[in-house]
Amino acid sequence: MVELHDETGLSTAAIGAQVTLATSIDRFVQEVWVTSGYLSGNPTRLHFGLPSHIEHLEIRWIDGEDTRLDNVEANQLIQVYRRLAAIDIPSHHI
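Residues numbered from 1 in each chain as written. Predicted model: local features only at pLDDT ≥ 70, side-chain atom pairs only at ≥ 80, totals over all residues. Heavy atoms only, no water.

Now for the overall build of the protein chain. Of the regular secondary structure elements, the protein chain holds 0 helices and 6 strands. Along the protein chain, from the amino end to the carboxyl end, the secondary structure elements read β-β-β-β-β-β. Per-residue burial over the protein chain gives 29% buried out of 94 residues. Intrachain contacts of the protein chain at a sequence separation of at least 6 include 47% that bridge at least 24 residues. (Helix = DSSP H or I, 4+ residues; strand = E, 2+ residues; numbered from the N terminus. Buried < 20%, exposed > 50% of the residue type's maximum accessible area, 1.4 Å probe, protein only. Contact = heavy atoms within 4.5 Å.)

Here is the structure:
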């Protein structure tokens, strides 16, 4: 299972992000969506049900930025956190 956390302020549950998992034989793609129809809801965790090894996991965040994880073991909850970069803003005294 894959659980995304986007702490940049765009979407904390990473709604709209696309996750691609690649194994040695195939690729699997899912998107994070909360609704699928009238008065229905979906969990934000993505379940792929894959073999024991993932060659790589790619995340396309809603602003187009990509994150890639290589050689990930399956059968676990993979939590990916995207945070704002720390910016050092110098103070100016007038």
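Next comes the rest of the write-up.
Moving on to the pattern of salt bridges. Within the structure shown, the criterion is met by 9 salt bridges. In this structure, the salt-bridge partner of Glu7 is Arg83, at a minimum N-O distance of 3.0 Å. Within this pair, whereas Glu7 is found in the loop between strand S1 (2-6) and strand S2 (18-22), its partner Arg83 is found in the segment after strand S6 (78-82), the two being separated by 76 residues in sequence. Across the salt bridge formed by Asp70 and Arg68, the nearest N and O atoms sit 2.7 Å from each other. A relative accessible area of 46% means that Asp70 is categorised as partly exposed. Given a relative accessible area of 47%, Arg68 falls into the partly exposed group. (Salt bridge = Lys/Arg side-chain N within 4 Å of Asp/Glu carboxyl O.)

Okay, the nonpolar core next. Counting residues in hydrophobic clusters, the biggest one holds 17 residues, and the most contacted among them are Val2, Leu4, Val19, Ile59 and Trp61. Among the elements of the structure, S1, S2, strand S4 (53-60) and S6 are those that each provide at least two residues to this core. Aside from chain neighbours lying at most four places away, what touches Leu4 is Thr12, Ala13, Ala14, Ala17, Val19, Val32, Ile59, Trp61 and Val80. (Core = buried A, V, L, I, M, F, W, Y, C linked by side-chain atoms within 4.5 Å.)

All quantities given are derived from atomic positions and should not be read as evidence of function.
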